[in-house]
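Observations on chain architecture
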Amino acid sequence: MIEKLVHINRVSKTVKGGKRFGFAALVVVGDGSGRVGFGHGKAREVPEAISKATAAARKKMIRVPLKEGRTLHHDGKGRFGAGKVTVRTAPPGTGIIAGGPMRAVFESLGVADVVTKSVGTSNPYNMIRATFDALANQTSPKSVAQRRGKKIADLLGRGGASAVEAEADAAAVVE
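Residues numbered from 1 in each chain as written. Predicted model: local features only at pLDDT ≥ 70, side-chain atom pairs only at ≥ 80, totals over all residues. Heavy atoms only, no water.

So the rule is basically this: UniProt positions are given in the numbering used here, feature names are shortened, and annotations may be inferred rather than shown by experiment.
Identification of the chain as Small ribosomal subunit protein uS5 from Altererythrobacter lutimaris is taken from an unreviewed UniProt entry. According to the UniProt record, the Sequence similarities (unreviewed entry) comment for the chain reads "Belongs to the universal ribosomal protein uS5 family." Looking at the Subunit (unreviewed entry) heading of the UniProt record, one finds this comment for the chain: "Part of the 30S ribosomal subunit. Contacts proteins S4 and S8."

Quick look at the structure:
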């Protein structure tokens, strides 16, 4: 499991004897091969907040189909609150082009090539939720073919590709 600490927020409450500090942690957890989750934990001490956030992230993991184990199958958009993100597939060698919180999500997910853009907010909580919204809408050719009762080669054979190329692509598709 890959655990990445994205953000720690310190809050204080003024009480009779002075100030009481609390900490909130945002953590992303992934297995590096298509499963990823995020969690939020709050406690009076930083390590405790991180462990709570990690436990929450492990509970709420989602599976994302990857193309060739390195990129997404198709482009997508996600939004949460004021956070809007665009995620795009990329050719081999591109790397992860993403800012802060989004980079942590894709590194944990095991994506090697992706281009992203976040518009509207730099709040890490909303950025991550918008990213997860975009990832939740990802579908693989295998699942689409199953849903429509067709062969994967039939779906990939569109767009002027020859039948032989479509068969080869279909054989290469693994979820």
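1. A look at the pairing of strand β3 (residues 35–43)
Threshold: By the convention used here, strands pair only if DSSP detects at least 2 bridges between them. In this text, helices come from DSSP runs of H or I with a minimum length of four residues, and strands from runs of E with a minimum of two, each type numbered from the N-terminal end.
By the bridge criterion, eight bridges tie strand β2 (residues 18–30) to β3 in an arrangement that is antiparallel. The partner of G30 across the bridge, within β3, is V36. The turn linking β2 back onto β3 is made up of four residues, and G32 within it adopts a positive phi angle of 80 degrees.

2. A few points about the pattern of salt bridges
The criterion, for reference: Any Lys or Arg side-chain nitrogen located within 4 Å of an Asp or Glu carboxyl oxygen qualifies as a salt bridge. Per-residue accessibility, obtained with a 1.4 Å probe over protein chains only, is compared with the maximum for each type, and a residue is labelled buried under 20%, exposed over 50%, and partly exposed between these values.
Using the criterion set out here, one finds six salt bridges in the structure. The salt bridge involving R70 is made with E68; its shortest N-O contact spans 3.1 Å. Relative accessible area serves as the criterion here: at 16%, R70 is assigned to the buried category. Residue classification places E68 among the exposed residues on the basis of a relative accessible area of 53%. Residues R103 and E107 are paired through a salt bridge, measuring 3.7 Å at the closest nitrogen-oxygen approach. With a gap of four residues between them, R103 and E107 both fall in helix α2 (residues 100–109), about one helical turn apart. By relative accessible area, E107 is classed as partly exposed at 31%. Connected through shared salt-bridge partners, K4, R103 and E107 make up one network.

3. A short note on the sheet that holds strand β1 (residues 2–15)
What counts here: The angle between two axes is taken between their N-to-C directions and runs from 0 to 180 degrees, where each axis is a line fitted to C-alpha atoms and a helix contributes only its stretch in contact. Throughout, a residue-residue contact means that at least one pair of heavy atoms, one from each residue, lies within 4.5 Å.
Read across the open sheet, the four strands follow the order β1-β2-β3-β4; overall the sheet is antiparallel. What marks the edges here is a single partner per strand, and that holds for β1 and β4 (61–63). Ignoring strand direction, the axes of neighbouring strands in this sheet form an average angle of 15 degrees. For β1 and β2, the ladder comprises 13 bridges, and the chain directions are antiparallel. Looking at β2, one finds that K13 is bridged to R20. This element, helix α3 (residues 124–136), spans β1, β2, β3 and β4 of the sheet and lies at about 155 degrees to β3.

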